[in-house]
Amino acid sequence: MTERVSASTQNQALAALSFLYGPVLGAPFGRIDGVVPAHTRRRVALVLSKQEVRRLVGAIPERLRVCALLMYGAGLRLTECLALRIKDVDFDRHEIVVRDGKGGKDRRTPLPERAVALLRAQLRWVRGVWRRDWGAKVEVTGIADSLRRKYPRAGFDWPWQYVFPATRTFEAADGRRMRHHMHASLVQRQVALAARRVGFAKRVTCHTLRHSFATHLLESGADIRTVQELLGHTDLRTTMRYTHVLNRGGLGVRSPADAL
């Protein structure tokens, strides 16, 4: 292959080959001279200011605005946000339970007050979708077979419905009519369009909101271990990448040029 690709793409290809020859074909090729994992660069995360977050969120269509508020206000990954179920939102405790996050871990994170009204409106709309699905015998996806055997109606029950359901249903291989959650590309596209609409001269993605969540918490004096728990990081070194904010302005070292 003569194309120049990123280190992550090279490592993904190497991992795929290792999996193919190991678990699949049962003929692991072991170590090959000259073939080693590519070195990945540590890059500083792109972070928005609080004013920029406000402008970005305000430019996103109302139906998806609550999703952006949860990614910023609760530090959710996009996939975690879209996979939220009704039962995992606790309005009384102002808390969100993230199930089966990266690494298969569950965690709790705060439900931002600013998102409550929009979230309640979203759930009212979802309830209408659910009632129609109930009559049409449409089941929600993602219910484990073991749980379905124990609770045959779980896929039809209100607590298991997605907070952000897809607009279309599909027919599964066994003939059941199913509804999945909203596709990630829909939210990604709207966030990119909103960033362009407000004139940002930077490449803003959904993950930028999560980066901004962590950075703004540290700027406000939150303990880094707490931020690690809220983000669901296994290794503290992953969270440490956000401490670059401590080297800025009044929070740390000041440029000598400011004294001129």
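The model shown is predicted, which means the values in this text are computed figures rather than measured ones. (Residues numbered from 1 in each chain as written. Predicted model: local features only at pLDDT ≥ 70, side-chain atom pairs only at ≥ 80, totals over all residues. Heavy atoms only, no water.)

Undergrad: How do you make sense of the environment of Met240 when you look at a structure like this?
TA: By secondary structure assignment, the location of Met240 is in helix α10 (residues 236-240). Looking at Met240, the relative accessible area reads 40%, which means it is partly exposed. The spacing of Met240 and Arg225 is 15 residues in sequence and 9.7 Å in space, taken between C-alpha atoms. (Helix = DSSP H or I, 4+ residues; strand = E, 2+ residues; numbered from the N terminus. Buried < 20%, exposed > 50% of the residue type's maximum accessible area, 1.4 Å probe, protein only.)

Undergrad: What is the right way to read the packing of aromatic side chains from this model?
TA: What characterises a pair of aromatic rings is the spacing of the ring centres plus the angle enclosed by the ring planes. Throughout the structure, instances matching the rule amount to three aromatic pairs. Taking the centre distance of 5.3 Å and the plane angle of 50 degrees together, the rings of Trp130 and Trp158 count as tilted. Of this pair, Trp130 sits in helix α5 (residues 113-136) while Trp158 sits in the loop between α6 (145-150) and β5 (165-171); the two residues are 28 residues apart in sequence, bridging distant segments of the chain. By relative accessible area, which is 17% here, Trp130 ends up buried. Residue classification places Trp158 among the buried positions, given a relative accessible area of 16%. The ring of Trp158 carries the charged tip of Arg127 above its face, separated from the ring centre by 4.1 Å. Here the guanidinium or amino end of Arg153 rests over the ring plane of Trp134, the centre of that ring lying 5.0 Å away. (Phe/Tyr/Trp six-rings, centres within 6.5 Å; stacked < 30°, edge-to-face > 60°. Lys NZ or Arg CZ within 6 Å of the ring centre and 35° of its normal.)

Undergrad: Is there a simple way to explain the environment of Gln122 in this structure?
TA: Relative to the elements of secondary structure, Gln122 occurs in helix α5. Taking the C-alpha atoms as reference, Gln122 lies 9.3 Å from Leu64; in sequence the two are 58 residues apart. Apart from the residues lying within four places of it in its own chain, the contact partners of Gln122 are Arg63, Val163, Phe164 and Pro165. (Contact = heavy atoms within 4.5 Å.)

Undergrad: Just to check I follow, could you spell out the side chain of Gln228 for this structure?
TA: For Gln228, the position within the fold is in helix α9 (residues 224-231). With a relative accessible area of 7%, Gln228 lands in the buried category. The contacts of Gln228, once residues within four sequence positions are left out, are His233, Thr234, Asp235, Leu236 and Thr239.

Undergrad: Explain the state of the cysteines to me, please; I cannot follow it from the model alone.
TA: As used in these notes, a disulfide is a covalent bond between sulfur atoms, one from each of two cysteines. Tallying each qualifying case throughout the model produces zero disulfides. Cys67 takes part in no disulfide bond, and the closest cysteine sulfur, belonging to Cys81, lies 3.0 Å away. (Disulfide = S-S within 2.5 Å.)

Undergrad: What is the right way to look at unusual backbone geometry in this model?
TA: Among all residues except glycine, the phi angle is most often negative; among peptide bonds, the trans geometry is most common. Its identity as a non-glycine residue notwithstanding, His94 has a phi of 50 degrees, on the positive side. Following the sequence through the fold, His94 ends up in the loop between β1 (89-90) and β2 (95-98). A relative accessible area of 33% places His94 in the partly exposed class. Phi angles above zero are rare outside glycine, and Lys137 is one such case at about 60 degrees. Structurally, Lys137 can be placed in the loop between α5 and β4 (138-140).

Undergrad: Teacher, can you tell me more about the pairing of strand β3 (residues 107-110) here?
TA: Only one face of β3 is covered, namely the face carrying Arg107 and Thr109; the face carrying Arg108 and Pro110 is uncovered. Two elements, β2 and β3, share four bridges in a ladder whose sense is antiparallel. Across the sheet, residue Glu95 finds its bridge partner in β3, namely Pro110. (Pairing = 2+ DSSP bridges.)

Undergrad: Looking at this structure, I do not really get the nonpolar core. What am I missing?
TA: Generally speaking, a soluble globular protein has its nonpolar side chains buried in company with each other. Membership of the largest hydrophobic core comes to 54 residues, with the highest contact counts inside it found for Leu70, Phe164 and Val187. Listed by contribution, the elements that provide at least two residues to this core are α2 (50-58), α3 (62-73), α4 (78-82), β2, α5, α7 (184-197), α8 (206-219) and α9. For Val187, the contacting residues outside a window of four places in its chain are Leu64, Cys67, Met71, Leu78, Leu82, Met182 and Cys206. (Core = buried A, V, L, I, M, F, W, Y, C linked by side-chain atoms within 4.5 Å.)

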